Every structure is written in structure tokens, then in C-alpha cells.
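# Summary of the model geometry
Residue-level listing of the chains:
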Amino acid sequence: MFLRASGACSTALFLLATLPACVECPRLPGLSVNACAQVERLALPATLPPSVGNAKADDRNALLLGFQVFFDARFSSNQDVRCATCHLPERDFHDAKPTSTGLATVDRNSPSTLHAAWQRWQTWDGKADSLWSQPLGAFENPKEMNYTRLEIAHQIAASHRARYENAFGPLPPLDDGARFPSKGKPGEESWDRMAAADQLEVNRVVANVGKALEAYMRKAVHGTGRIDKYVQGDTSALTKEEEKGLVVFFKAGCDACHSGPTFTDDAFHALGVPPAPGMGPDRGRAAALEQLAQSPFSVDGPFHDGPKLAPTPAPTAADEGAFHTPTLRNVTRTGPWGHNGIFPTLASVLDFHQKGGEGKVSPKLKKVDLTTDERAALVAFMAALEVDDPPQPWNNWPDR
Ligand code: HEC
Ligand code: HEC
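Numbering of residues starts from 1 in each chain and follows the order in which that chain's sequence is written. All chains are assigned letters beginning with A, and all ligands numbers beginning with 1, in the order in which they are written. Reporting in this predicted model follows two pLDDT cut-offs: at least 70 for local features of residues, and 80 or more for side-chain atom pairs to be given and counted; totals over whole chains, interfaces and linings ignore these cut-offs and use all residues. Heavy atoms from the whole structure form the basis of all side-chain values; hydrogens and water molecules are not counted.

## Focus: the site of ligand 1
Here is the rule we go by: Any residue with a heavy atom lying within 4 Å of a molecule or strand is counted as near it. In protein, a polar contact requires one atom able to donate a hydrogen and another able to accept it; more generally it is a pair of N or O atoms within 3.5 Å, and residues adjacent in sequence count only if both atoms are side-chain atoms. Secondary structure is summarised from DSSP: a helix means a run of H or I of at least four residues, a strand means a run of E of at least two, and numbering begins at the N terminus for each.
Neighbouring residues of ligand 1: 30 residues in total, closest C83, C86, H87, T123 and K127. One nitrogen or oxygen atom from the side chain of Q119 is found 2.7 Å from an oxygen atom belonging to ligand 1. Here an oxygen atom of ligand 1 sits 2.5 Å away from a polar atom, N or O, in the side chain of K127. Within the residue set of the shell around ligand 1, elements represented by two or more residues are α4 (83-86) and α5 (134-140).

Next comes the structure, spelled out in C-alpha cells:
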């Protein structure tokens, strides 16, 4: 509570709401009352939010399975791509490339997974509405791991049976080759001609593998940083320049979307970020919502633990070309930036935001004029958002 004045000032404001002489944010006089309250909310809570639909999210056996699978390249068609290919622990679970390469090069930038457990919506377009349902997309994407759900189930049985069964109970009788072909996913004949009940069994195994990976990603989560110390009262935790940048951050309206302790509203906005050279337009959130409506792994599907959540809404015009507001924690370590990695520097991202984006953009994004000093302070502030690495051993490759 060091930021906001109490007592006389609040009373005066209550009586005369527009009283200009009353400084309601004594430490940061440039800020409005409202922004001052927002600053206090920037501190990262001590605990993660509850998982969405995963009863095993904090289960140690599930975690031990997920830790192994995250680093296991056998879950890819060439036996050489693993989650850690694009989410490298030694690079903050990011790959420092404009767009990632697995079996082929994808058209999106890999987000760091260090903050995934803090957000509901996963990937730049939110095509996964929970953390546990996200990994299956990576496994089956032909450009990422190019694996199939039947192969995942068989690989679990061959390489991780005990770990799996400790966490989730017995595997189905996968060695019955007539019921469970060696490979296949929806759209492939081997899968499509399976009995619906057997498809459900395999889907349950892969959903559980996702749940194990979530349990791991909830451990491999970032800690706090200087900004948290500052907000909690240690005013020396930010330099004067960074503190000025904090004020500019609010003055420039960045908090309209990069809000709260994770510096994201966990929502989607169109900024008109242009396609990368040689790429077509990306519908972002609109296409993801259509995809999600078809998925059996969504929050209203059979593998969601606990009360079902509302089904996915249909896309609206605002979803066309909209992308997830990325966290700004650790932002200096996750360049190049933007959903397709087209921004080589933080200054270039800032230029793009400052001019109000391009084309048809969210009304929340305003064109903003900043002095050279203000810009430099804002970039310094973003650099001050670096956070601690996850605790050992989850910040590293498993010791097999
Ligand atoms: C070929 C590189 C590649 C591989 C392999 C890969 N990912 Fe990703 N990951 C990405 C990219 C790119 C995105 C963003 C995708 C998008 O927006 O469509 C992403 C998004 C994510 C996200 C969402 C994070 C966020 O902030 O939105 C999570 C979680 C994640 N991956 C976990 C995994 C797991 C677990 C695996 C292994 C099963 C995996 N990834 C394999 C590249 C990869
Ligand atoms: C209307 C909501 C909105 C506002 C306001 C906004 N941003 Fe963003 N920001 C986004 C979205 C959405 C993206 C991702 C855009 C994309 O790649 O398509 C983004 C991307 C970024 C990135 C790149 C992060 C990464 O990991 O790639 C940075 C840095 C950033 N914004 C900083 C700022 C700053 C500084 C301000 C204030 C001047 C600001 N933003 C205002 C929504 C917003």
C-alpha cells in the first residue's frame, strides 16, 4: 500500500472528485488514482491459479511422467523432435527464432512456456482453452512433431508404462492390434475405422499425457522479479529510469491489454501485425475458435475434469486477425517478438504500437506520442520485468 495516499487525500477526493491538487499517487505523481491502484496489482501472487480441468495438475506422479515426456524425442515421426526443441530450458523455454522449426518451419513464434500456467488461453490464437489440451496440437502438427495419437499411446506403453499407470491407472489393451492400429489420427483411415469406444480410450490416454505435461509445466514456471519487490514496497528495486518507464507504461495505455501481474489480460486483440515475408494473412483467433469448436479436448468435452465450462463462442468480426496479448514478464529474453517473430527489437514493437497498429485494429490500441526520453524509459521498464528461473530440477533436462 505504499503507492496510494490514504486519509485526507482520499476523503478530499471523495468529497470533490475532481480536486486536481490532491496527489493520490504520492510515489508516482504522474499517475491517476486508477493507474496507481493497477500498479499495486502487478505483484505476482505466491500461488498459481488453479488448473483448468485437470485433476492431476498438482499430482507428483503425473509431474514425473510429464517431465520425461517433455524431453523425449521418441514422440516425433523422425524420433528427433521434442517439446524442448522449441522450448529450450537453457533459453527460458523459448527458441530465440522468429518462427520455430520442428519437422518443418511453422508460421508462429514459440512462446516461452514459463508463464503458460498463469494463463487460461494457450498459443497465440488460443486454439487450446486449457494448458493440458495444448500439447496434443504440437504432437500431431505435421510441421512440429508429426506424430499421431495412436503412436503416442503405444510409445507411452513401450517407454513410460509404469510412470503412466502410477498416475492414471491401467492403460487400455493396446497390444490388441486389431482394435488399436500402430498409428493414426482423425482423418486417417486406420483411426477412422476404429470403434468409437476404442477411439475414446486412446483420446483419454493422450488427454492424460497432456495433463502430465501440464503438471510439469506448472513446476517449470517462472518466479518473481524486481518489479514484484518494487510493488511490495522495496522502492530501490527499480532504478529511477525504470520507475519513469512504469509511469509511461500507464500513460501510454499499455495496461489496457498488458494488465495485471502477468502483464496480459489473457484476451485477444487485432493490432494488424503484418504477415511475415512470403506468408499469407493469418486469421488468428477467428480460425482458432472454429478449430476449437470441433475439438473433443475442449473445456466442454469428456476429458475436462470437474464441472464443464461454457462451450466455445462463435467467432465475431473482432476475432479476425486477433492474437493473444503476450505476457511482458521476461520479454527481453523472448525475442524476436510478435506472433510471427517479425519484430527484431523491442523498439520496433514499440514503434508499431505507438503508431496505433496497421489497418483495422482494436479500439483499445491508441496512437500515442512519446518523447525520446519516455520511449527509452519504457524500454528500460520492460527490461526490468525479467523474472527468476524455475526451481531445480524442473528448469533443466531430466537426469534420466
Ligand atoms: C516445432 C517447435 C515446437 C515444438 C516441438 C513444440 N512447440 Fe509448443 N509452441 C510452439 C509454437 C510455434 C507455439 C505457438 C503456436 C501458435 O500460436 O499457433 C507453441 C505454443 C506452446 C504453448 C502455449 C504457450 C503460450 O504462451 O501460449 C505451450 C504450453 C506449448 N507450446 C507447450 C509445448 C509442449 C508441451 C510441447 C511438446 C508436446 C511443445 N510445445 C512442442 C513451438 C513448438
Ligand atoms: C489493444 C491491446 C494492446 C495494447 C494497448 C498494447 N498491446 Fe502490446 N501487444 C498486444 C498484442 C495482441 C500483441 C501481440 C501482437 C501480435 O503479434 O499479433 C502485443 C505484443 C507486444 C509485445 C511483443 C511481446 C512478445 O512476446 O512478442 C510487446 C513488447 C508489447 N506488446 C508491448 C506493449 C507496450 C509497451 C504497449 C504500450 C505502448 C502495448 N504493448 C500496448 C496488445 C496490446
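## Side note on the state of the cysteines
What counts is decided by this rule: The criterion for a disulfide is a pair of cysteine sulfur atoms lying within 2.5 Å. Relative accessibility under 20% of the residue-type maximum defines a buried residue, over 50% an exposed one, and the middle range a partly exposed one, all with a 1.4 Å probe and only protein chains included.
Under the definition given, this model contains 1 disulfide. Note on cysteine connectivity: C25 is disulfide-linked to C36, with sulfurs 2.1 Å apart. Taking the sign of the S-S torsion, 80° for the link of C25 and C36, the bridge is right-handed. Of this pair, C25 sits in the loop between α1 (8-15) and α2 (33-40) while C36 sits in helix α2, and the two are 11 residues apart along the sequence. Of the residues examined, C25 reaches a relative accessible area of 1% and is grouped as buried.

## Considerations on the site of ligand 2
Filter applied, for reference: Under the scheme applied here, ten amino acids are nonpolar (Ala, Val, Leu, Ile, Met, Phe, Trp, Tyr, Cys and Pro), four are charged (Asp, Glu, Lys and Arg), and all others, including Gly, are polar.
Among the 26 residues in the neighbourhood of ligand 2, the closest are listed as C254, C257, H258, H339 and H353. Between a nitrogen atom of ligand 2 and a side-chain N or O atom of H353, the distance comes to 2.8 Å. Those elements giving two or more residues to the shell around ligand 2 turn out to be β2 (323-324) and α13 (346-354). The dominant element in the shell around ligand 2, judged by the number of residues it contributes, is α13, at 4 residues. Here the shell around ligand 2 is built from residues that sort into 16 nonpolar, 9 polar and 1 charged.

## Digging into the coordination of the iron atom of ligand 2
Counted only if it meets this: Here the term donor refers to an N, O or S atom within 2.8 Å of the metal (or 3.2 Å for Na, K and Ca), and because water is left out of the atoms, sites may appear incomplete. Sites are called tetrahedral only when four donors show all angles between 85 and 135 degrees, square planar or octahedral only when four or six donors show opposite pairs over 155 degrees and all other angles between 65 and 115, and irregular in any remaining case.
Note on the iron atom of ligand 2: its protein donors are H258 (NE2) and H353 (NE2). The metal-donor distances range over 2.1 Å. Given 6 donor atoms and angles of 85 to 180° at the metal, the environment of the iron atom of ligand 2 is assigned as octahedral. Of the two residues, H258 is situated in the loop between α11 (240-251) and β1 (268-269) and H353 in helix α13; the sequence distance between them amounts to 95 residues. With relative accessibility at 11%, the residue H258 sits in the buried group.

## A few points about the coordination of the iron atom of ligand 1
As a benchmark, a tetrahedral metal site with four donors has ideal angles of 109.5 degrees, while an octahedral site with six donors has ideal angles of 90 or 180 degrees. Among protein residues, the single donor to the iron atom of ligand 1 is H87 (NE2), with a metal-donor distance of 2.1 Å. Mapped onto the secondary structure, H87 falls in the loop between α4 and α5.

## As for the side chain of H222
Inclusion rule: Any two residues whose heavy atoms approach within 4.5 Å at even a single point are treated as in contact.
Along the chain, H222 falls in the loop between α9 (196-217) and α10 (226-231). The buried category is assigned to H222, whose relative accessible area is 5%. When sequence neighbours within four positions are dropped, the list of residues in contact with H222 reads L44, L114, H115, W118, R329, V387 and D388.

## Quick word on the domain arrangement of the protein
For clarity, the cut-off: An automatic or database domain assignment supplies the start and end points of every domain. Summed over both partners, buried area is the accessible surface (1.4 Å probe) that two parts give up on being assembled. We define a salt bridge as a contact between a side-chain nitrogen of Lys or Arg and a carboxyl oxygen of Asp or Glu at a distance within 4 Å.
As far as domains go, the protein holds domain 1 (1-40), domain 2 (60-217) and domain 3 (223-383). Between domain 1 and domain 3, the residue contacts involve 9 residues of the former and 10 residues of the latter. Buried area between domain 1 and domain 3, summed over both chains or domains, comes out near 870 Å², and the portion from carbon and sulfur atoms is 75%. Counting the contacts that link domain 1 with domain 3 gives 1 salt bridge. We note a salt bridge from E243 to R27, for which the minimum N-O separation is 2.8 Å. At the boundary of domain 1 with domain 3, the tally comes to 1 residue pair in polar contact (both at pLDDT 80 or more). By residue class, the composition of the side of domain 1 that touches domain 3 is 5 nonpolar, 2 polar and 2 charged.

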